[in-house]
Structures are given as structure tokens and as C-alpha cells.
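A structural walkthrough
So you can see what is in the structure, the chains are spelled out below.
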Amino acid sequence: MHQEDYWIANPEILRFVNHLGTRYCIVCLNWIRERDRLKFVKYVRAALAEGKNEFEVAEELGLEDTADPFAPPTRRTFFQILLLKSGYSIQDHSLRRVNHLPDK
């Protein structure tokens, strides 16, 4: 449903990552467009290659806030969820593909 034009235009439903010029749905935490996800992954990979850690990357993108403080595991940030929903995780200071995507 968030792919519909009226939904995509709703600023209360979408969050913008201004640094990347990308956006994601705040309801399902999926990237709106494939290129949004690709820009995000490319940026994270480059930042890690520069020696930045996960928190520094999240902070640069404005995604360091806790997404849902009441849902386990606690303290999951928007950055961590978007990264996992994109199909990646950070392991040993590099981006690794995960085999399955979580429901949320």
C-alpha cells in the first residue's frame, strides 16, 4: 500500500534520509524505491571502508534513534532495522548479506 502515490506523498508516513536523498515507510520500515535501498547500502559500505563504526554511520544519516523501545530486542535503532530490512548486517566492520529478511 505504501507504493501508492497518495501514500508516498504523506510526510507523516514517510521519513526522509536527507543526506542520501532517500525515503522509507515509517509503518513497515521498508525503503520506498529500490534505488533508495541501493543508495543506503552503498553509503554504509563506503563509510565502513573509511573506518567508521555502526553508530557513526547511523548518526551521520540521522538514523541513530530507537525505532521501538518496547519491542524486543531493546534499543534497535532505525539504522539497524533498515539495514536488516535491506538484507545486510555489519560483521567485523564490513557489510555482510543475510540469508533471510525479517518480517519487521
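Here's a quick rundown of the structure. (Residues numbered from 1 in each chain as written. Predicted model: local features only at pLDDT ≥ 70, side-chain atom pairs only at ≥ 80, totals over all residues. Heavy atoms only, no water.)

1. Some points on the pairing of strand β1 (residues 14-17)
Threshold: Strand pairing is assigned whenever DSSP identifies at least 2 bridges connecting the two strands. What counts as a helix is a DSSP run of H or I of at least four residues, what counts as a strand is a run of E of at least two, and both are numbered from the N terminus.
With four bridges joining them, β1 and strand β2 (residues 22-25) adopt antiparallel strand pairing. Across the sheet, residue L14 finds its bridge partner in β2, namely C25. Between β1 and β2, which pair antiparallel one after the other, the connecting turn spans four residues, and G21 there sits at a positive phi close to 70°.

2. What to know about the pattern of salt bridges
Put simply, the rule reads: Any carboxyl oxygen of Asp or Glu within 4 Å of a side-chain nitrogen of Lys or Arg constitutes a salt bridge here. Only protein chains enter the accessibility calculation, which uses a 1.4 Å probe. A residue is then buried if its area is under 20% of the maximum for its type, exposed if over 50%, and partly exposed in between.
In total, this model carries three salt bridges according to the counting rule given. K52 is the partner of E50 in a salt bridge, and the nearest nitrogen-oxygen pair spans 3.3 Å. Given the relative accessible area of 59%, E50 is considered exposed. When its relative accessible area of 22% is taken as the criterion, K52 is described as partly exposed. By sharing partners, the salt bridges in this structure join E50, K52 and E60 into a single network.

3. What to know about the nonpolar core
Test applied: Put simply, buried Ala, Val, Leu, Ile, Met, Phe, Trp, Tyr and Cys residues joined by side-chain atoms within 4.5 Å make one nonpolar core. Contacts are assigned to residue pairs that have any heavy atoms within 4.5 Å of one another.
Counting 22 residues, the largest nonpolar core has Y24, F40, V44, L61, L63 and F79 as its most contacted members. Sorting the residues of this core by element identifies α2 (34-49), α3 (54-61) and α4 (78-85) as the ones contributing at least two each. Not counting chain neighbours up to four residues away, the residues in contact with L63 comprise V17, Y24, F40, A58, T77, F78, F79 and L82. Counting residues in hydrophobic clusters, the runner-up holds five residues, among them L14, C25, C28 and I32.

4. Looking at the side chain of S86
Let me state the cut-off plainly: Residues adjacent in sequence count toward polar contacts only when both atoms are side-chain atoms; beyond that, a polar contact is any pair of N or O atoms within 3.5 Å, and within protein one must be able to donate a hydrogen and the other to accept it.
Its location among the elements puts S86 in the loop between α4 and β3 (88-91). A polar side-chain atom of S86 sits 2.9 Å from a polar atom in the side chain of W31.

5. With respect to unusual backbone geometry
Of note, L29 is a non-glycine position whose phi angle comes to about 60°, a positive value. The residue L29 is located in the loop between β2 and α2 in this model. Relative accessible area serves as the criterion here: at 5%, L29 is assigned to the buried category.

6. Observations concerning α2
What counts is decided by this rule: Take the number of residues in a helix, subtract one, and multiply by 1.5 Å to get its expected span. Of all possible arcs, the one meant is that of the directions from the helix axis to the C-beta atoms.
For α2, with 16 residues, the first-to-last C-alpha span of 23 Å sits near the 22 Å given by 1.5 Å per residue. Taken together, the buried positions of α2 are D36, R37, F40, V41, Y43, V44, A47 and L48. All buried residues of α2 fall inside an arc of 165° around its axis, so they share one side. Seen from the open side of α2, the exposed residues pointing more than 90 degrees away from its buried face are R35, K42 and A49. Where the residues of α2 are buried, they touch β2, α3, α4, β3 and β4 (94-97). In the segment just after α2, G51 is the residue with positive phi, at about 100°.

That's the geometry; what it means functionally is another story.
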